[in-house]
Amino acid sequence: MTDTTLPQPELRPNCPNFSSGPTAKFPGWSLDKINTIAMGRSHRSATGKGRLKYAIDLSRELLGIPDDYLIGIVPASDTGAVELAMWNMLGARPVTVAAWESFGNVWIQDAVKQLKPADLTVLEADYGEIPDLTQIDKGDDIVFTWNGTTSGAKIPNTDWIADDRNGVTINDATSAVFAQPMDWAKLDATTYSWQKVMGSEAGHGMLILSPRAVERIESYSPDWPLPKIFRVKKGDKLNRAIFEGATINTPSLLATEDYIASLEWAKSIGGLPELHARADRNAKLVHDWIEATPWLRNMVSDPAKWTNTGVCMMFQGDWYDGLSDDDKAAVPKKIAGMLEKMDIGYDFNGYRDAPPSLRIWCGSTVEEEDIRRLLPWIEWAYAQVKAEI
């Protein structure tokens, strides 16, 4: 039973930023880390294009992206990158869209209500679960989210994607890339945004295309119209300049430099292995705490599907189960609101469309000690809310 007289903790997180996007800046970040060489310059100048190309090259190096894959910077964050891939590639073959949380459901709605391909299969699962992906036909094009940003459920492996598939895979990896290993051989169009795991400024998306994806784009023209920001072809060929530092529309060179700074930080601490290790350590701390806290449970029941980035937890127990739906929803809001006012922890309430929950970002830019210090404060705040309600 929770002790409502639980003493207030003494140690406070040095950085109270636990948002799941934009996420915390990397340790030691400051404005003087930003290179200003391209400020006030055209993104089409040699300097501007050079810095955009440098961001692409650093991304390839850190993520271990194969040399024959193309990497482009595109408008409208991860959403723009996913939709660009869907609008350009779907409709040539049967399509399966799989979703188990809010953003994956957006891609379902794009397919069902906007693109309306002739042969569409939708696979859905509740928050915390993943649909049976093994039922996907290898002839289908597949749209899926690697890691459920709003549920904390990730795919445990890519065994369900056939090596000899005929379709292409479109993978929204925005809350997984840089924190979880990517099986590039199984991925044809992979997308992410700068503000997720790397904590950089928002507004730009990354689109990574395999040779199979390039072949699809060059051999197929969809029936639906393409907005300008989705047009990646010149005639019947892919406009490869987009993947060499040119962009479809004007990018923020300030945001570009912030992303570059985060990549250089990542390289300085040991690259991708250390990014993965930091996220793993952070997430283990939270997962272990949830397991040891009787009034909490992981939103994801299967440990094989536990994320190491946005860990989501729900409340349980006789007291909580006896509350009205409104009071249940108020519990995480009150905890998060109380600690935000005290500058202990920001933005760790669950996603608005998810079940009432808390969500602690454990990605690579978060320091383990800050998470360690946050958790007792959540216990303390829970005791206060329980006494109040």
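Everything numeric here is computed off the predicted structure, so don't read it as measured data.

What counts and how
Residues numbered from 1 in each chain as written. Predicted model: local features only at pLDDT ≥ 70, side-chain atom pairs only at ≥ 80, totals over all residues. Heavy atoms only, no water. Helix = DSSP H or I, 4+ residues; strand = E, 2+ residues; numbered from the N terminus. Rg over C-alpha atoms; globule rule 2.2 N^0.38 Å. Buried < 20%, exposed > 50% of the residue type's maximum accessible area, 1.4 Å probe, protein only. Areas by Shrake-Rupley, 256 points an atom, 1.4 Å probe, with all protein chains shown as cover. Phe/Tyr/Trp six-rings, centres within 6.5 Å; stacked < 30°, edge-to-face > 60°. Pairing = 2+ DSSP bridges. Axes fitted to C-alpha atoms, helices over the stretch in contact; angles between N-to-C directions. Contact = heavy atoms within 4.5 Å. Salt bridge = Lys/Arg side-chain N within 4 Å of Asp/Glu carboxyl O. Right-handed = clockwise from strand over helix to strand, strands pointing away. UniProt positions renumbered as here; feature names shortened; annotations may be inferred. Parallel < 35°, antiparallel > 145°, perpendicular 65-115°, else oblique. Left-handed = near helix turned anticlockwise from the far one by under 90°. Nonpolar A, V, L, I, M, F, W, Y, C, P; charged D, E, K, R; others polar. Expected span 1.5 Å × (residues − 1). Bend = angle between axes of the 7 residues up to and from the residue.

### A closer look at the overall build of the chain
Moving on, step 1. A count of helical and extended segments in the chain gives 9 helices and 12 strands.
Moving on, step 2. Relative to its length of 389 residues, the chain is compact, with a C-alpha radius of gyration of 22 Å against a globular reference of 21 Å.
Moving on, step 3. Along the first, second and third principal axes, the C-alpha set of the chain runs to 70 × 50 × 30 Å.
Moving on, step 4. In the chain, buried positions account for 58% of the 389 residues.
Moving on, step 5. Total accessible area on the chain is roughly 15900 Å²; 48% of this is exposed by carbon and sulfur atoms.

### Section: the packing of aromatic side chains
Moving on, step 1. Counting across every chain of the model gives 15 aromatic pairs.
Moving on, step 2. Aromatic pair Trp-377 and Trp-380: ring centres 5.7 Å apart, planes at 80°, arrangement edge-to-face. Taken together, the positions of Trp-377 and Trp-380, both in helix α9 (residues 368-388) and 3 residues apart, correspond to about one turn of that helix.
Moving on, step 3. Look at Trp-377 and you get buried, because its relative accessible area is 1%.
Moving on, step 4. Here Trp-380 falls in the buried class, since its relative accessible area comes to 10%.
Moving on, step 5. Members of the aromatic cluster, each reached through a chain of ring pairs, are Trp-289, Trp-295, Phe-315, Trp-319, Tyr-320 and Tyr-382.

### What about the sheet that holds strand β10 (residues 296-298)?
Moving on, step 1. Strand order in the open sheet formed by 3 strands is β10-β11-β12, with antiparallel pairing between adjacent strands. Two strands in the sheet have a free side with no partner beyond their single neighbour: β10 and β12 (358-361). Sheet twist, expressed as the mean angle between neighbouring strand axes with direction ignored, is 35°.
Moving on, step 2. Bridge count between β10 and strand β11 (residues 310-315): 3 bridges; the pairing is antiparallel. Residue Arg-297 lies in a different strand from β11, and its bridge partner there is Met-314.
Moving on, step 3. Each of β10, β11 and β12 is contacted by helix α6 (residues 272-292), which is oriented at about 10° to β11, the strand it contacts most.

### A few points about the pattern of salt bridges
Moving on, step 1. Scanning all chains against the criterion turns up 20 salt bridges.
Moving on, step 2. One salt bridge in this structure joins Lys-267 and Glu-61, with 3.1 Å as the shortest N-O distance. Here Lys-267, found in helix α5 (residues 253-268), pairs with Glu-61, found in helix α1 (residues 46-63); they are 206 residues apart in sequence, far enough to count as distant.
Moving on, step 3. Between Asp-141 and Arg-216 there is a salt bridge, and its shortest N-O distance comes to 2.7 Å. A residue pair is termed long-range when its members are at least 10 positions apart, and Asp-141 in strand β4 (residues 141-145) and Arg-216 in helix α4 (residues 211-219) qualify at 75 residues. Just as Asp-141 is buried, Arg-216 falls in that class too.
Moving on, step 4. Bridged by salt links that share partners, the residues Glu-274, Arg-281, Glu-368, Glu-369, Arg-372 and Arg-373 form one connected network.

### Side note on the pairing of strand β3 (residues 120-124)
Moving on, step 1. Where strand β2 (residues 95-99) meets β3, 5 bridges bridge the pair, whose relative direction is parallel. By the bridge assignment, Ala-98 is partnered in β3 with Leu-123.
Moving on, step 2. Taking the sense of rotation as the criterion, the β-α-β connection linking β2, helix α3 (residues 102-115) and β3 turns out right-handed.

### Re the UniProt feature "domain: Aminotransferase class V" (unreviewed entry) in the chain
Moving on, step 1. Under the UniProt annotation, "domain: Aminotransferase class V" (unreviewed entry) lies at residues 97-316.
Moving on, step 2. Helix and strand shares over residues 97-316 are 27% and 19% respectively, and the end C-alpha atoms of the span are 32 Å apart.

### Quick look at the sheet that holds strand β7 (residues 204-209)
Moving on, step 1. Pairing in this open sheet of 7 strands is mixed, and the strands run β1-β7-β6-β5-β4-β2-β3 from one edge to the other. With one partner strand each, in any of the chains shown, β1 (70-75) and β3 form the two edges of the open sheet. Each strand of the sheet is rotated relative to its neighbour by a mean of 15°, with strand direction disregarded.

### Considering unusual backbone geometry
Moving on, step 1. The omega torsion across Gly-21 and Pro-22 is -5°, close enough to zero to call that bond cis.
Moving on, step 2. The backbone of Ser-77 sits at a positive phi, close to 60°, despite the residue not being glycine.
Moving on, step 3. Examined against the element boundaries, Ser-77 turns out to sit in helix α2 (residues 77-89).
Moving on, step 4. In this structure Ser-77 comes out as buried when scored by relative accessible area, which is 13%.
Moving on, step 5. For Asp-347, which is not glycine, the phi torsion reads 60° and is therefore positive.
Moving on, step 6. Structurally, the position occupied by Asp-347 is in the loop between α8 (325-341) and β12.

### Notes on the packing of α8 against α9
Moving on, step 1. Two elements in contact, α8 and α9, have axes whose closest approach is 9 Å; the angle formed by their N-to-C orientations is 125°. On the basis of the axis angle, α8 is oblique to α9. For the element pair α8 and α9, the recorded crossing hand is right-handed. On α9, the residues touching Val-331, Lys-334, Ile-335, Met-338 and Leu-339 of α8 are Leu-374, Trp-377, Ile-378, Trp-380, Ala-381, Tyr-382, Gln-384, Val-385 and Glu-388.
Moving on, step 2. Along the lines of polarity and charge, the residues of the contact of α8 with α9 split into 11 nonpolar, 1 polar and 2 charged.

### With respect to α8
Moving on, step 1. Taking 1.5 Å of rise per residue, 17 residues should cover 24 Å, and α8 covers 25 Å from first to last C-alpha, within 8% of that figure.
Moving on, step 2. Along its length, α8 shows its largest kink, about 25°, at Val-331, and proline Pro-332 lies within four residues downstream of that point.
Moving on, step 3. Among the residues of α8, Ala-330, Val-331, Pro-332, Ile-335, Ala-336, Met-338 and Leu-339 are the ones counted as buried.
Moving on, step 4. Tucked into the core, α8 has its buried residues touching β11, α7 (318-321), β12 and α9.
Moving on, step 5. One or two positions beyond α8, positive phi appears at Asp-343, with a value near 60°.

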